[in-house]
Amino acid sequence: MATVLAIALDVAESTSLAAFAQKYGKPFDLLCLSEEAPTDLGASTAISAESFEVPPADALVESLRQLCEGYDVIATSASMFGKDFGARMAGALNRPMVGDVLEIVSEDTFVRPMYAGNVLATVRVTSPRFVTSVRGTAFSTPERSGSSAKKSLAIQTELRTKRIGVSAKEGGRPDLTQAKVVVSGGRPLKDAETFERLIGGLADRLGGAAGATRAAVDSGIAANELQVGQTGKIVAPELYIAAGISGSTQHIAGMKDSKVIVAINTDPDAPIFEIADYGLVMDLFKAIPELMDKAKTS
Amino acid sequence: MKILVPIKRVPDPYARIRLNADSSAIDTTGLKFEINPFDEIAIEEAVRIKERSGSEVVVVSIGAAECEEQLRKALAIGADKAIHVETVEKFDSLGIAKVLKSVVQRESADLVIMGKQAIDDDANQAGQMLAALLDWPQATFASKVELTDSTATVTRETDTGQETLQMPIPCIITTDLRLNEPRYVALPGIIKARTKPLDKIELSDLGATAECNVEVLSMSQPAGRSSGRKVASVDELLEALRNEKGAAI
């Protein structure tokens, strides 16, 4: 009998939750809500939602509460979805929650960030039954093996909350938290059109995703969901290119675990250079077109 | 309508965080404290609703004596009444949510607006837990709020963009950055707010207890990334990325 239930929005979250559960070392089941649950991630049972329409948190928690009662540990992703749903589930189950897990120390002890990633806290949960959310950037590559038993699950689509509108990002680019390359821009990009042409253009050229600072998002240059930082997305790509970004603590908290960081900024004293592997003191309006020109097509 | 806004006293978000000698907690020497920025957005939203439609705004904080400073500021922004649940006990998010549930019931609040996360522990849990404990609908990460007497229509941020939810009141809304820009409150406003009521109560007055099932064993600070080097041109950058990092760029 599995003791851990991993609840994922999609296949990407399933992958990182499986990596977490494998490391945690106890039998686990995997529930995937918006796509077919993968059966090669080592889960005892791969449970897929019957309809891939994911309801608002109140209906989702109501639908899954009974199922969750049967497991000691409920694991969700530390995505906006996982935070919205997971913490409500913890409340509904009357269980404590350890969020944003970066490292497993033992079955009840974990490392998680605080203070915008400036502190790593080792925390122990003193209840044997708890909820956790897992940073996808810290658990990315599960072992692929075996084949899970398959099950499907009906989920109530609506309780009291109605979803009356959805605006999703335009397709085409990889998801910010999954991309191998992220090109991010700050306020010097001036306007949405310039941001798209330069940051979007270089991202496309490198097969990557576009990101932005909070300042760029606040001034309407970039869409909300592109924000990288403490209160936005946490990313850790192979290559992070920061253009016209000074490097606030807030922003750095969201990208400092990237493997290679490149900073392009006209101010040689910008704090971003203190964490960049390569710093180019140059006007981004010159540097980015030149990079687009000289980089190999992905 | 009665709106309850829970607020937390946190270190200045721009301060440099250091650990104390035995790495059990952060070093608070000389640290300035503020209202958690997301909670300030929540106060601002509640006060704007009050200014539009005449609601009552009650702020509550759970913590040591010093929290009074942040409650006074919330009153200066425009809240009508403050409740200080004075305690030095430790809580986890669920423990806080349980105390807040008692406050919601004691005050017969119709709506709770609170920050999506506190910038000290960065948990992002208490609002959702409170919603579950009260069995109220929730709209987290709100960027736009429209209310009628019986419904809340909330645009919220999601992993892939935004969605709009409509739910009956009572409900819980947690605030994201883009919901509003809190007003500036000058010193005279803060002094004037001294005449507004601030109730000090204890956990026992609420029939509540301190609960903490997630304990911090130790803290460390991540080794900072060492700075690399400056390159002089795009060509040098590409060469370094290709030769030193093996990047296919």
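Bear in mind that the values here come from a model prediction, so they are computed numbers and not experimental data.

## Focus on the overall build of chain A
For chain A, the count of helices and strands is 7 helices and 16 strands. In terms of overall size, chain A behaves like a compact globule, its C-alpha atoms giving a radius of gyration of 20 Å where 298 residues would be expected to give roughly 19 Å. For chain A, the spread of C-alpha atoms along the three principal axes comes to 60 × 40 × 35 Å. Across the 298 residues of chain A, 58% fall into the buried class. Partitioning the intrachain contacts of chain A with sequence separation of at least 6 by distance along the chain shows that 61% fall at a separation of at least 24. When the accessible surface of chain A is totalled, it reaches about 11300 Å², and 48% of it is carbon and sulfur. Computing the positive centroid from 30 side-chain charges and the negative centroid from 36, chain A places the two 2 Å apart.

## Digging into the environment of Phe195(A)
Residues and elements named next belong to chain A. By the secondary structure assignment, Phe-195 is in helix α4 (residues 192-205). Distance in space between the C-alpha atoms of Phe-195 and Ala-216 is 9.2 Å, their sequence separation being 21 residues. Beyond its immediate chain neighbours, meaning those up to four positions away, Phe-195 contacts Gly-185, Leu-189, Gly-200, Gly-211, Ala-212, Ile-221, Ala-222 and Leu-226.

## Topic: the sheet that holds strand β5 (residues 81-86) of chain B
Spatial ordering of the open sheet is given by β11(A)-β9(B)-β8(B)-β7(B)-β10(B)-β6(B)-β1(B)-β4(B)-β5(B)-β11(B), a layout of 10 strands whose pairing is mixed. Looking at strand neighbours, the two that pair on one side only are β11 (162-168) of chain A together with β11 (198-201) of chain B, the edges of this open sheet. Here the average twist between neighbouring strands, direction ignored, is 30°. The strands that helix α3 (residues 80-93) of chain A touches are β7 (138-147) and β8 (151-157) of chain B; relative to β7(B), the one it contacts most, it runs at about 100°. The sheet contacts of helix α1 (residues 37-53) of chain B involve β1 (2-6), β4 (56-63), β6 (111-115), β7 and β10 (171-175) of chain B, and relative to β6(B) the element is tilted by about 145°.

## Focus: the pattern of salt bridges
Applying the stated rule across the entire model yields 43 salt bridges over all chains. Residue Arg129(A) pairs with Asp72(A) through a salt bridge whose shortest N-O separation is 2.9 Å. Here Arg129(A), found in the loop between β8 (119-125) and β9 (130-134), pairs with Asp72(A), found in the loop between α2 (57-69) and β4 (73-77); they are 57 residues apart in sequence, far enough to count as distant. A relative accessible area of 28% places Arg129(A) in the partly exposed class. Judged by its relative accessible area of 30%, Asp72(A) is partly exposed. Between Glu163(B) and Arg156(B) there is a salt bridge, with the nearest N and O atoms lying 2.7 Å from each other. Under the relative-accessibility criterion, Glu163(B) is labelled buried at 8%. Classification of Arg156(B) by relative accessible area gives buried; the value is 5%. The network of salt bridges with common partners includes Asp84(A), Arg163(A), Arg156(B) and Glu163(B).

## Here's the deal with the interface of chain B and chain A
Taken together, the contact between chain B and chain A spans 75 residues of the former and 82 residues of the latter. Here chain B is connected to chain A by 7 salt bridges. Two residues, Arg163(A) and Glu163(B), come together in a salt bridge whose shortest N-O distance is 2.7 Å. Along the contact surface separating chain B from chain A lie 45 residue pairs in polar contact (both at pLDDT 80 or more). Contributions of two or more residues to the side of chain B that touches chain A are made by α3 (93-107), α4 (126-134), β7, β8, β9 (161-168), β12 (214-220), β13 (229-231) and α6 (234-244) of chain B. The residue inventory of the side of chain B that touches chain A, partitioned by class, reads 33 nonpolar, 21 polar and 21 charged. Relative to β13(B), strand β16 (residues 278-281) of chain A runs parallel, the two being bridged by 3 bridges. The partner of Tyr278(A) across the bridge, within β13(B), is Arg229(B).

Cut-offs applied
Residues numbered from 1 in each chain as written. Chains lettered and ligands numbered in written order. Predicted model: local features only at pLDDT ≥ 70, side-chain atom pairs only at ≥ 80, totals over all residues. Heavy atoms only, no water. Helix = DSSP H or I, 4+ residues; strand = E, 2+ residues; numbered from the N terminus. Rg over C-alpha atoms; globule rule 2.2 N^0.38 Å. Buried < 20%, exposed > 50% of the residue type's maximum accessible area, 1.4 Å probe, protein only. Contact = heavy atoms within 4.5 Å. Areas by Shrake-Rupley, 256 points an atom, 1.4 Å probe, with all protein chains shown as cover. Lys, Arg positive; Asp, Glu negative; His and termini not counted. Charge placed at Lys NZ, Arg CZ, Asp CG, Glu CD. Pairing = 2+ DSSP bridges. Axes fitted to C-alpha atoms, helices over the stretch in contact; angles between N-to-C directions. Salt bridge = Lys/Arg side-chain N within 4 Å of Asp/Glu carboxyl O. Polar contact = N/O pair within 3.5 Å; in protein donor to acceptor, adjacent residues only side chain to side chain. Nonpolar A, V, L, I, M, F, W, Y, C, P; charged D, E, K, R; others polar.

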